Amino acid sequence: KLIKVAAERKLINSKKIFVQKDLFQEFCDRFPYEETPDQLKAIEDVILDLSKGNPMDRLICGDVGFGKTEVAIRASFVMVTENKQVALAAPTTLLAKQHTETFKKRFDGYPVKIKMLSRLTKAKEIEQIKTELSTGEVDILIGTHSVINKSLKFQDLGLVIVDEEQSFGV
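This structure is a prediction, so every number in the text was calculated from the model and none was measured.

A. Expanded view of the overall build of the chain. Scanning the chain for helices and strands turns up 6 helices and 4 strands. Element order for the chain, N to C, with α for helix and β for strand: α-α-α-α-β-α-β-α-β-β. In terms of its C-alpha atoms, the chain occupies a principal-axis envelope of roughly 45 × 40 × 35 Å. For the chain, the residues scored as buried account for 41% of the 170 residues in total. Long-range contacts, defined as pairs at least 24 residues apart, comprise 76% of the intrachain contacts of the chain with a sequence gap of at least 6. Split by element, the accessible area of the chain, about 10800 Å² in all, is 55% carbon and sulfur. The average position of the 26 basic charges and that of the 25 acidic charges among the side chains of the chain differ by 6 Å.

B. Representation of the side chain of glutamate 82 in the model. Among the secondary structure elements, glutamate 82 is positioned in the loop between α4 (68-81) and β1 (85-89). On the basis of relative accessibility, which here comes to 14%, the residue glutamate 82 falls in the buried class. Not counting the four nearest positions on each side in its chain, glutamate 82 is found in contact with Lys15, Lys16, Ile17, Phe18 and Gln20.

C. Layout of the packing of aromatic side chains. Going through the model one piece at a time under the given rule, you end up with 8 aromatic pairs. Arranged with centres 4.1 Å apart and planes meeting at 15 degrees, the rings of phenylalanine 27 and phenylalanine 77 form a pair that is stacked. A residue pair is termed long-range when its members are at least 10 positions apart, and phenylalanine 27 in helix α2 (residues 21-29) and phenylalanine 77 in helix α4 qualify at 50 residues. With respect to class, phenylalanine 27 is no different from phenylalanine 77; both count as buried. The positively charged end of arginine 74 is found above the aromatic ring belonging to phenylalanine 31, 5.2 Å away from the centroid. Over the ring of phenylalanine 27 we find arginine 106; its NZ or CZ atom is 4.2 Å from the centre of that ring.

D. Summary view of the sheet that holds strand β4 (residues 157-162). Pairing is parallel across the open sheet formed by 4 strands, whose spatial order is β2-β3-β1-β4. Pairing within the sheet leaves two strands with one partner each, and these edge strands are β2 (114-117) and β4. Mean inter-strand twist for the sheet, computed between neighbouring axes without regard to direction, equals 15 degrees. Where β1 meets β4, 5 bridges bridge the pair, whose relative direction is parallel.

E. Molecular detail of the environment of lysine 104. One can find lysine 104 in helix α5 (residues 93-106). Accessibility expressed as a relative area gives 45% for lysine 104, which makes it partly exposed. Remark: the alpha-carbon pair of lysine 104 and isoleucine 114, spanning 10 residues in sequence, is separated by 6.8 Å.

F. Just the side chain of threonine 100, in detail. In this fold, threonine 100 is placed in helix α5. On the accessibility criterion, threonine 100 (7% relative accessible area) is buried. Look past the residues within four positions of threonine 100 in its chain and what remains in contact with it is Ile114, Met116 and Ile142.

G. Quick peek at the pattern of salt bridges. Applying the stated criterion to the full structure yields 13 salt bridges. One salt bridge connects aspartate 45 with arginine 58, and the closest N-O pair in it is separated by 3.9 Å. Of the two residues, aspartate 45 is situated in helix α3 (residues 37-51) and arginine 58 in the loop between α3 and α4; the sequence distance between them amounts to 13 residues. For arginine 58, a relative accessible area of 39% corresponds to the partly exposed category. For glutamate 132, the salt bridge is made with lysine 113, and the minimal N-O distance between the two is 3.1 Å. Of the two residues, glutamate 132 sits in helix α6 (residues 123-134) while lysine 113 sits in the loop between α5 and β2, which places them 19 residues apart along the sequence. For glutamate 132, a relative accessible area of 7% corresponds to the buried category. The exposure class assigned to lysine 113 is partly exposed, which follows from its relative accessible area of 29%.

What counts, and at which threshold
- Residues numbered from 1 in each chain as written.
- Predicted model: local features only at pLDDT ≥ 70, side-chain atom pairs only at ≥ 80, totals over all residues.
- Heavy atoms only, no water.
- Helix = DSSP H or I, 4+ residues; strand = E, 2+ residues; numbered from the N terminus.
- Buried < 20%, exposed > 50% of the residue type's maximum accessible area, 1.4 Å probe, protein only.
- Contact = heavy atoms within 4.5 Å.
- Areas by Shrake-Rupley, 256 points an atom, 1.4 Å probe, with all protein chains shown as cover.
- Lys, Arg positive; Asp, Glu negative; His and termini not counted.
- Charge placed at Lys NZ, Arg CZ, Asp CG, Glu CD.
- Phe/Tyr/Trp six-rings, centres within 6.5 Å; stacked < 30°, edge-to-face > 60°.
- Lys NZ or Arg CZ within 6 Å of the ring centre and 35° of its normal.
- Pairing = 2+ DSSP bridges.
- Axes fitted to C-alpha atoms, helices over the stretch in contact; angles between N-to-C directions.
- Salt bridge = Lys/Arg side-chain N within 4 Å of Asp/Glu carboxyl O.

Okay, here's the thing in structure tokens:
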């Protein structure tokens, strides 16, 4: 069954994503740390996958501090510069909050709207987020399993990131 699913996915075409190299380099240069060779390779591989025009399935794994979040941030940057929306699902509300803060800090100064959705989000704000998602006003939605709720309608979802932590049994 897995081979059949993989073969069917290979036949699906999606929009090729083009990296705006100067803008992307400017964004990368704002990263306050030196990337590791493995991190740079993972970023390169993800960007290459996105530019092929086929659905991407990629697992990025590494210990704490490997820089997996920066890989996700850069992939998200590429997608939002192509007017695609991004959803990031985290296993806990605390981690979703941390990701939201990290993403907002990295995207500071760019016209990117990032919202968080979790069990702590008030009903009125949830309705506003739903509306803004459907109209494309929200570029990146970060949250717990709430981000895969069937009542959410994205205008043009281009990338889904699942942050899986085995220690939480996810």
